Structure formats: structure tokens, C-alpha cells
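In case you want the letters, here they are:
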Amino acid sequence: MLVWYIRHFPGEAAATIGEIQRRAHNDWGVPPADMLRVLRRELSLDRGKLTEEQRKTYFALLAPREDTD
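Predicted, not measured: the structure shown is a model, and the values here were computed from it.

Chemist: I keep staring at the environment of Pro10 and nothing clicks. Help me out?
Modeler: Tracing the backbone through its elements, the reader meets Pro10 in helix α2 (residues 10-28). Residue Pro10 is classed as partly exposed on the basis of its relative accessible area, which comes to 39%. If near-sequence neighbours (up to four positions away) are discounted, Pro10 is found in contact with Tyr5 and Tyr58.

Structure (C-alpha cells):
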């Protein structure tokens, strides 16, 4: 289902993935980067219509950024 959501509504899917990361961090102490890695791995097992390159590109855009102050 997440593959379909990413393909058809990439912006909304990004916001949903961000919320999943936030909730996992707040509720269970899972670092956002770890949650993103798990989601990406699960999508690689899905036989949806995202190629490996599409997954890499999409998830690279979602990766948490380090503060550069």
C-alpha cells in the first residue's frame, strides 16, 4: 500500500512517513533514520512498481538532515 501511496501521492506519502518517524521516535525511542531504513527495506521486499533507483531517490529526499549551525 505504501508503494501505491508513494507513486500516486508522493508529497502526502512523505508527510505520512515523517509522521511515522516522529511517532516511532516519541513513542518507542526509535531514531528517525532507523525507522526510515526499516521502511525502505520493507519497500524493497514489496513487489510494487518502484524500482530500486526510485526507492533510493525518494528515501534520500526523506533522510533526516543534520543541523549545520
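So, next bit.
Chemist: What am I meant to see in the pattern of salt bridges here?
Modeler: Charged atoms that come close allow side chains of opposite charge to pair. Applying the stated criterion across every chain, the model contains 3 salt bridges. Between Arg22 and Glu19 there is a salt bridge, with its nearest N and O atoms 2.6 Å apart. Of this pair, Arg22 and Glu19 both sit in helix α2, 3 residues apart, which is roughly one turn of that helix. What makes Arg22 partly exposed here is its relative accessible area of 42%. Residue classification places Glu19 among the partly exposed positions, given a relative accessible area of 33%. Across the salt bridge formed by Asp34 and Arg37, the nearest N and O atoms sit 2.8 Å from each other. Here Asp34 and its partner Arg37 are both found in helix α3 (residues 32-45), 3 residues apart, which amounts to about one turn of the helix.

Rules and cut-offs
Every chain begins its residue count from 1, and numbering advances along the sequence as written. Under the rules for a predicted model, residues below a pLDDT of 70 receive no local features and side-chain atom pairs below 80 are neither given nor counted, while totals for whole chains, interfaces and linings still include all residues. Heavy atoms from the whole structure form the basis of all side-chain values; hydrogens and water molecules are not counted. For helices the rule is a DSSP run of H or I covering at least 4 residues; for strands it is a run of E covering at least 2, with both sets numbered from the N terminus onward. Only protein chains enter the accessibility calculation, which uses a 1.4 Å probe; a residue is then buried when its area is under 20% of its type maximum, exposed when over 50%, and partly exposed in between. It only takes one pair of heavy atoms within 4.5 Å for two residues to be counted as in contact. Think of a salt bridge as a Lys or Arg side-chain nitrogen and an Asp or Glu carboxyl oxygen that are within 4 Å of each other.

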